[in-house]
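# Chains, contacts and geometry: an overview
Now for the letters of each chain:
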Amino acid sequence: MDIRENFDNIKREISEACGKVDRSPEDIKVIAVTKYVTDARVEQAIEVGVDAFAENRPQNYLERKQKYSDKEWHLIGSLQTRKVRDVINHVDYFHALDRESLAKEIEKRAEDRVNCFVQVNVSGEESKHGLTSHETIEFIKGLGKYSKINVIGLMTMAPFVEDEDVLRNCFKKLRQLRDEVKELNLDYAPCEYLSMGMSNDYKIAIEEGATHVRIGTSLVGNELK
Ligand SMILES: *Cc1c(COP(=O)(O)O)cnc(C)c1O
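Just so we're clear, the structure is a prediction, and the values are computed from it rather than from any experiment. (Residues numbered from 1 in each chain as written. Predicted model: local features only at pLDDT ≥ 70, side-chain atom pairs only at ≥ 80, totals over all residues. Heavy atoms only, no water.)

## Remarks on the overall build of the chain
Basically, it comes down to this: Per the convention used, a helix needs a DSSP run of H or I reaching at least four residues, while a strand needs a run of E reaching at least two, with both numbered from the N terminus. The atom set for the radius of gyration is the C-alpha atoms, and the globule formula is 2.2 Å times the number of residues raised to the power 0.38. Per-residue accessibility, obtained with a 1.4 Å probe over protein chains only, is compared with the maximum for each type, and a residue is labelled buried under 20%, exposed over 50%, and partly exposed between these values. Any pair of residues with heavy atoms lying within 4.5 Å of one another is described as a contacting pair.
When you go through the chain residue by residue, the secondary structure sums to nine helices and eight strands. In terms of overall size, the chain behaves like a compact globule, its C-alpha atoms giving a radius of gyration of 17 Å where 225 residues would be expected to give roughly 17 Å. Taken over the C-alpha atoms alone, the chain extends approximately 45 × 40 × 30 Å along its principal axes. The 225 residues of the chain split such that 49% are buried. Contacts in the chain between residues far apart in sequence, at least 24 positions, make up 55% of those at least 6 positions apart.

Quick look at the structure:
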């Protein structure tokens, strides 16, 4: 596992994808998902210049956020309401706001506004978390009463398929939804960003407007396999 080589490859692919659609690579944030790897790999990633990281379990998130506190940390993956209290005041970015009860709990426990992505289950797969596309707009409209919630964008996980058209469609839909939310001009929901694209599909996601790509396996590998 050569993380420098991986990161160079990813940066090159990002440049190419951006070139195709006339975007700037500077507008894409690469988030290294470190849930499958040990600290040594986190440290190698830091060494080669990765500056944003993500974990999906609150306990692991807290440990790493504390250990590598000068980096930007993203909490991805669904969050149980009872875990909010432990973790929320250490979260730089939260990618899985998917229900009102969670917004309510964040309101109760957070000391400052939390930068959130609302998670949308665009593909409608039952196994996935997130709101349906239909629910998303009403959900966000209802968040105005929570002063601690700042909706900076939308997040989705594409279905685990090879079919490029299916992936592209999924990302397109999230972008359209993002544009709809943006047009509402809500001060608590600027909704500028799109967190979409993982190891297998980030190039397509970028062509379709991703601003944040969450890359685990292709960047830092998977030591659990
Ligand atoms: C694990 C995970 C990723 C990274 O997956 P890879 O396929 O290893 O790149 C991205 N997003 C979420 C929400 C994840 O849970």
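## Points about the UniProt feature "modified residue: N6-(pyridoxal phosphate)lysine" (unreviewed entry) in the chain
As a reminder of what qualifies: UniProt positions are given in the numbering used here, feature names are shortened, and annotations may be inferred rather than shown by experiment.
UniProt's entry tags Lys 35 with the feature "modified residue: N6-(pyridoxal phosphate)lysine" (unreviewed entry), counted in the numbering of this structure. The topology assignment puts Lys 35 in the loop between strand E1 (29-33) and helix H2 (39-47). When its relative accessible area of 29% is taken as the criterion, Lys 35 is described as partly exposed. Apart from the residues within four sequence positions on either side, Lys 35 is in contact with Ala 54, Glu 55, Asn 56 and Leu 224.

## Structural notes on the packing of aromatic side chains
To keep things clear, this is the line we draw: Stacked, edge-to-face and tilted are the three classes for Phe, Tyr and Trp ring pairs, Trp counted by its six-membered ring, which pair at centre distances within 6.5 Å; planes under 30 degrees apart are stacked, over 60 edge-to-face, the rest tilted.
Using the criterion set out here, one finds two aromatic pairs in the structure. Seen from their ring centres, Tyr 61 and Trp 73 are 6.3 Å apart, and the 85° between their planes marks the pair as edge-to-face. Placement of the pair is Tyr 61 in helix H3 (residues 58-67) and Trp 73 in strand E3 (residues 72-75), with a sequence separation of twelve residues. Each member of the pair, Tyr 61 together with Trp 73, is buried. Through a chain of ring-to-ring contacts, the aromatic side chains of Phe 53, Tyr 61 and Trp 73 assemble into a single cluster.

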